[in-house]
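For reference, the chains in residue letters:
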Amino acid sequence: MIIFYPPANPISVPVVIADMTDSSDQWSAAELALIIYQYMPTGLMVSFSPVVYSCKYNYEIEHNGSPLGSALKMTLSASIKVPPSDLISQVSIGFVSSAISPGALAESLIANPQLNIMYAVVVEKINFVTNIARSFIAYSSILQPETLGTSATLIIKGASIDDTLIRSVLGFHLNKQFPLSTQLTELATSMGYTLNYINASSALSIPVQEVLFQPSTLPKILDEVCLQNKLLYKIDGDIITLYSQTSEPLATNYLNLRYSFLGYKNSSVMWAVGVENYANVKFKTPVFDASLFSKIVLYDDSNSGLFTGLKKNFGLINSYDMIILRYSIIRNDYELCCEVTATNNWLLSQMRIEGIMESKIYGAL
């Protein structure tokens, strides 16, 4: 289900899009009212009588934690098939950017936060009592006619609010007089965030370089700071968590999520499994509440030998600890799943090992 919160005039009437012919996407009026209240944007007056459309639709949510420097960290790409005309008018994106040059426009998708904003929330059921949700700002809507012109598809693009909004408080001077943790804590607090650097002891040190940042998006600033100081980060709700590039994150949950080929020890089934960059594993599994840089466990319960070369867990047969680097939540005509890329080697995941090996090969010639 996708919920849009159009700009208030003066009250925002939510627009709900769900495929009520799909058993995984059926919602009662009581559930809708609760979810609309639970995820409504701060400061927006919202009606609890939504407009509901049952349509075929696809979407993909992608959340990247690594590598640093990605243009957008969390993105939404959705397509609604044969949308009614009133739905098109209700979810059309009405703002424009105040950027005056292509270079300035590249800095942010929404350059002026005072403009009317279309908020969107994607909600999925993962069992009878639990939902997962991801919030976005919708920044683009395109009505794409089909080849014969008999129908059309509404394509909507979105990104997380931190990726899209430039705020005045994000003019930031990183100096070498105070520890990095002190300065980033002050920056986070000014925006209503809390900084957690328990996994990043190097954040207690002085920054390696003094930088004056012009107002920009939060991820762009954090990308540059972390790249210079050998850190990684994630934004989860109102908490910014820092991680060291040289030591893997501490386990925060000792009952880690488990995945296997055949459902070993009541684990979730995984499929479309492959190994990339020597230590990363990509696989698909049923939708779950994935979190960047959290630990999961993979079992090779089919004795496939696919993970040969990865570091095994001591005392557990064919068991491998992995750390999530990125994930996608996918709903389309063929599947509803989560595609995960996780690493078995934290250090190796921070570098392009192919380039190192290639230089060694050519250097030996």
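Residues numbered from 1 in each chain as written. Predicted model: local features only at pLDDT ≥ 70, side-chain atom pairs only at ≥ 80, totals over all residues. Heavy atoms only, no water.

Caption draft 1: Layout of the overall build of the protein chain. Counting its regular elements, the protein chain contains 8 helices and 20 strands. Looking at the 365 residues of the protein chain, the share that counts as buried comes to 45%. For the protein chain, the share of sequence-separated contacts (at least 6 apart) that also reach a separation of at least 24 residues comes to 64%. In the form shown here, the protein chain has an accessible surface area of approximately 18300 Å², with 56% of it arising from carbon and sulfur atoms. (Helix = DSSP H or I, 4+ residues; strand = E, 2+ residues; numbered from the N terminus. Buried < 20%, exposed > 50% of the residue type's maximum accessible area, 1.4 Å probe, protein only. Contact = heavy atoms within 4.5 Å. Areas by Shrake-Rupley, 256 points an atom, 1.4 Å probe, with all protein chains shown as cover.)

Caption draft 2: Structural detail: the packing of helix H5 (residues 180–190) against helix H6 (residues 218–228). Where H5 contacts H6, the axes come no closer than 13 Å and their chain directions differ by 180°. Relative to H6, H5 is oriented roughly antiparallel. Contacts between H5 and H6 involve Leu 180, Leu 184 and Leu 187 from the first element and Leu 218, Ile 221, Leu 222 and Val 225 from the second. (Axes fitted to C-alpha atoms, helices over the stretch in contact; angles between N-to-C directions. Parallel < 35°, antiparallel > 145°, perpendicular 65-115°, else oblique.)

Caption draft 3: Region of interest: the environment of Tyr 327. Mapped onto the elements, Tyr 327 comes out in strand S19 (residues 319–331). Tyr 327 gets classed as buried once you look at its relative accessible area, which sits at 2%. When the C-alpha positions of Tyr 327 and Leu 292 are compared, they lie 7.8 Å apart, and in sequence the two are 35 residues distant. In contact with Tyr 327, other than residues within four places in its own chain, are Ile 61, Glu 62, His 63, Met 74, Arg 134, Ala 290, Ser 291, Leu 292, Cys 338, Glu 339 and Val 340. Looking at Tyr 327, its side chain comes within polar contact range of the side chain of Arg 134, at 3.0 Å. (Polar contact = N/O pair within 3.5 Å; in protein donor to acceptor, adjacent residues only side chain to side chain.)

Caption draft 4: Broad picture of H5. Among the residues making up H5, those that are buried are Leu 180, Ser 181, Gln 183, Leu 184, Leu 187 and Ala 188. On an axial view of H5, the arc spanned by its buried residues comes to 165°, and they lie on one face. In H5, the exposed residues that point more than 90 degrees away from the buried face are Glu 186 and Thr 189. Once H5 ends, the next one or two residues include Gly 192, with phi positive near 85°. (Arc of directions from axis to C-beta.)

Caption draft 5: How the structure looks around the layout of surface pockets. Of the voids in this model, the largest pocket is the one considered here, and its volume is about 1200 Å³. What lines the largest pocket is a set of 43 residues, and nearest its centre among them are Ser 135, Ser 160, Ile 161, Asp 162 and Gly 237. For the lining of the largest pocket, the elements supplying multiple residues, two or more each, are strand S4 (57–64), strand S6 (118–125), strand S7 (131–145), helix H4 (161–164) and strand S12 (231–236). Among the residues forming the lining of the largest pocket, the class breakdown is 23 nonpolar, 11 polar and 9 charged. (1 Å grid on protein atoms, 1.4 Å probe; cavity = no way out; pocket = protein on both sides within 12 Å on 5 of 7 lines; lining within 4 Å. Points joined across faces, edges and corners; volume = space filled by probe spheres on them. Nonpolar A, V, L, I, M, F, W, Y, C, P; charged D, E, K, R; others polar.)

Caption draft 6: Spatial organisation of empty space enclosed by the protein. All told, the structure shown has 1 cavity of 30 Å³ or more when counted by the stated rule. Empty space within the largest cavity amounts to approximately 30 Å³. Contributing to the lining of the largest cavity are Tyr 59, Ile 61, Val 122, Val 123, Glu 124, Ile 132, Ala 133, Arg 134 and Ile 329. Contributing elements (two or more residues each) for the lining of the largest cavity: S4, S6 and S7. Residues that form the lining of the largest cavity fall into these classes: 7 nonpolar, no polar and 2 charged.

Caption draft 7: The nonpolar core, seen in detail. Grouped together as the largest cluster of nonpolar side chains are 78 residues, with contacts concentrated most on Phe 4, Leu 184, Leu 218, Leu 242, Phe 283, Leu 298 and Tyr 327. Here the element with the most residues in this core is S19; it accounts for 7 residues. Not counting residues up to four positions away in its chain, the partners in contact with Phe 4 are Val 13, Pro 14, Val 15, Ile 17, Val 91, Met 118, Tyr 119, Ala 120, Ala 138 and Ile 156. Counting 14 residues, the second-largest nonpolar core is a separate cluster that includes Val 16, Ala 18, Trp 27 and Ala 133. (Core = buried A, V, L, I, M, F, W, Y, C linked by side-chain atoms within 4.5 Å.)

Caption draft 8: Highlighting the pairing of strand S17 (residues 280–285). For S17, the buried fraction is high: 5 of the 6 residues fall into the buried class. The pairing of strand S16 (residues 271–276) with S17 spans 4 bridges and is classified as antiparallel. Looking across to S17, one finds that Val 275 is bridged to Val 281. As judged from the 6 bridges shared by S17 and strand S20 (residues 336–343), these two strands associate in the antiparallel manner. Looking at S20, one finds that Asn 280 is bridged to Thr 343. (Pairing = 2+ DSSP bridges.)

Everything listed here is a matter of coordinates, which is why it stays silent on function.
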